[in-house]
Amino acid sequence: MGPTGEVVFGSQVPVCSENRLRWDLSPEQIRQMSDELISSTSEVYDRVGALDLDSVTFENTLKALADVEVEYTVS
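**Student:** An account of the overall build of the protein is requested, with residue identities and associated values reported.
**Tutor:** In terms of helices and strands, the protein carries two helices and zero strands. For the protein, the proportion of its 75 residues judged to be buried stands at 8%. As displayed, the protein offers around 6600 Å² of accessible surface, 57% of which is attributable to carbon and sulfur atoms.

**Student:** Let's hear about the packing of helix α1 (residues 27-49) against helix α2 (residues 59-74): which residues, and what values?
**Tutor:** For the pair α1 and α2, interaxial distance at closest approach is 10 Å and the crossing angle is 170°. Classified by the angle between their axes, α1 and α2 sit roughly antiparallel to one another. Contacts between α1 and α2 involve L37, S40, T41, V44, Y45 and V48 from the first element and N60, T61, A64, L65, V68, E71 and Y72 from the second. Here the residues of the contact of α1 with α2 are counted per class, giving eight nonpolar, four polar and one charged.

Definitions and cut-offs
Residues numbered from 1 in each chain as written. Predicted model: local features only at pLDDT ≥ 70, side-chain atom pairs only at ≥ 80, totals over all residues. Heavy atoms only, no water. Helix = DSSP H or I, 4+ residues; strand = E, 2+ residues; numbered from the N terminus. Buried < 20%, exposed > 50% of the residue type's maximum accessible area, 1.4 Å probe, protein only. Areas by Shrake-Rupley, 256 points an atom, 1.4 Å probe, with all protein chains shown as cover. Axes fitted to C-alpha atoms, helices over the stretch in contact; angles between N-to-C directions. Parallel < 35°, antiparallel > 145°, perpendicular 65-115°, else oblique. Contact = heavy atoms within 4.5 Å. Nonpolar A, V, L, I, M, F, W, Y, C, P; charged D, E, K, R; others polar.

By themselves, these observations are geometric and do not establish any function.
Have a look at this one:
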């Protein structure tokens, strides 16, 4: 059964009434977008993993990881 776009009101879980899922992508577009997402996410993880412990900050670790998570969550 496909998504209906309906919103369940009265739920304790916050929901978005706008359905952002895309059903018009070709398999090649999905592959390309997936490859780009994996590449950009891997770059951030590699950059964070390569940091010396003395240079770790909120900005270059937690914020960098959170920002990349937001990027792939809303794509």
